[in-house]
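The lines below spell out each chain.
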Amino acid sequence: MIGTSIAHYRVTEKIGEGGMGEVYRARDTKLNRDVALKILPQVFAQDSQRMARFEREAQVLASLNHSHIAQIHGLEETEGTKALVLELVEGETLAEQIFPYYAELVEFYHSYDLPVVLHTCGYTEPALDLIVDAGFDALHPMEVKAGNRPLEIADRYADKLVFIGGLDARILEGGDRDRIRREVTDLIEGMKARGARFV
């Protein structure tokens, strides 16, 4: 992606990722400024629900005007790649800004011999090292529909975290009991095979 262009925005570096895409620094070649491009992965572009969510996000951002919310400059598409064009806000990373306080909080509860469970929403894989470093004991949930891969997470963190959840909500919503039974069995057996603690 780096070195390519979406419309008149030249991608220069990756600065983050989340459940709905990756975020890049890009140069607006018309206005000679840096912007943030939130790019929806091509595999998600085939999913009508994700596309609707992505477009709703753009519309909601366009309706907001607040100094603590990045401004949206547009929604672009080039050769099937869709991107939100956002104001680039420089500053501290999540690791620098939030996780030191998480570590203090976890340490406080651990001083009373209490385990600490982090309830998350969305795509957490990029933050897992920070979650472990902060001292959390468990992760709940591991949303598959947001892009998390519970068994791959367990491969890396089975000795460090207890896992809660990890079923794909779309399968549960489908109501197919045989498929639900297979998915639950596969997840539990996969966790056992990895020596993971799973609730």
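Just above, that's the structure.
Fair warning: this is a prediction, and the values are worked out from it, not measured in the lab.

Draft legend 1. Seen up close, the overall build of the protein. When its secondary structure is counted, the protein shows eight helices and 10 strands. Out of the 199 residues in the protein, the part that is buried amounts to 35%. Considering only contacts in the protein between residues 6 or more positions apart, those separated by 24 or more positions represent 46%. A total accessible area of about 12,000 Å² is found for the protein, and carbon and sulfur atoms account for 50% of it. Separation of charge centres in the protein, based on 23 positive and 33 negative side chains, amounts to 5 Å.

Draft legend 2. Seen up close, the nonpolar core. In this structure, I131 and F163 are the most contacted members of the largest nonpolar core, which totals 21 residues. Taken together, the elements giving at least two residues each to this core come down to helix 4 (99-110), helix 5 (128-134), helix 6 (150-157) and helix 8 (177-193). No other element matches helix 5, which puts four residues into this core. With near-sequence residues (within four places) excluded, I131 lies in contact with F99, L118, F136 and L139. Counting residues in hydrophobic clusters, the runner-up holds 11 residues, among them L40, F54, A58 and L84.

Draft legend 3. Inspection of unusual backbone geometry at higher detail. Here the phi dihedral of A7 falls at roughly 55°; this positive angle occurs in a residue that is not glycine. The exposure class of A7 is partly exposed, given its relative accessible area of 37%. For D113, which is not glycine, the phi dihedral falls at a positive 60°. Here D113 shows up in the loop between helix 4 and strand 7 (117-119). Judged by its relative accessible area of 71%, D113 is exposed.

Draft legend 4. The arrangement of the side chain of D168 in detail. As for its position among the elements, D168 is in the loop between strand 9 (162-163) and helix 7 (169-174). Excluding residues that lie within four positions of it along the chain, D168 makes contacts with V144 and K145.

Draft legend 5. Inspection of the packing of helix 6 against helix 8 at higher detail. At a closest axis distance of 10 Å, the pairing of helix 6 and helix 8 adopts a crossing angle of 15°. Looking at the two axes, helix 6 sits roughly parallel to helix 8. Pair helix 6 / helix 8 crosses with right-handed handedness. Contacts between helix 6 and helix 8 involve P150, L151 and A154 from the first element and L187, G190 and M191 from the second. Looking at the contact of helix 6 with helix 8 residue by residue, the class counts come to five nonpolar, one polar and no charged.

Draft legend 6. Representation of the pattern of salt bridges. Within this structure, the stated rule accounts for 17 salt bridges. R156 serves as the salt-bridge partner of D129, at 3.5 Å between the closest nitrogen and oxygen. Residue D129 is found in helix 5, and its partner R156 is found in helix 6; the two are separated by 27 residues along the sequence. Where R170 meets D168, a salt bridge forms, and the shortest distance between an N and an O atom there is 2.8 Å. Residue R170 is classed as partly exposed on the basis of its relative accessible area, which comes to 35%. Look at D168 and you get buried, because its relative accessible area is 13%.

Here is what the cut-offs are and how they apply
- Residues numbered from 1 in each chain as written.
- Predicted model: local features only at pLDDT ≥ 70, side-chain atom pairs only at ≥ 80, totals over all residues.
- Heavy atoms only, no water.
- Helix = DSSP H or I, 4+ residues; strand = E, 2+ residues; numbered from the N terminus.
- Buried < 20%, exposed > 50% of the residue type's maximum accessible area, 1.4 Å probe, protein only.
- Contact = heavy atoms within 4.5 Å.
- Areas by Shrake-Rupley, 256 points an atom, 1.4 Å probe, with all protein chains shown as cover.
- Lys, Arg positive; Asp, Glu negative; His and termini not counted.
- Charge placed at Lys NZ, Arg CZ, Asp CG, Glu CD.
- Core = buried A, V, L, I, M, F, W, Y, C linked by side-chain atoms within 4.5 Å.
- Axes fitted to C-alpha atoms, helices over the stretch in contact; angles between N-to-C directions.
- Parallel < 35°, antiparallel > 145°, perpendicular 65-115°, else oblique.
- Left-handed = near helix turned anticlockwise from the far one by under 90°.
- Nonpolar A, V, L, I, M, F, W, Y, C, P; charged D, E, K, R; others polar.
- Salt bridge = Lys/Arg side-chain N within 4 Å of Asp/Glu carboxyl O.

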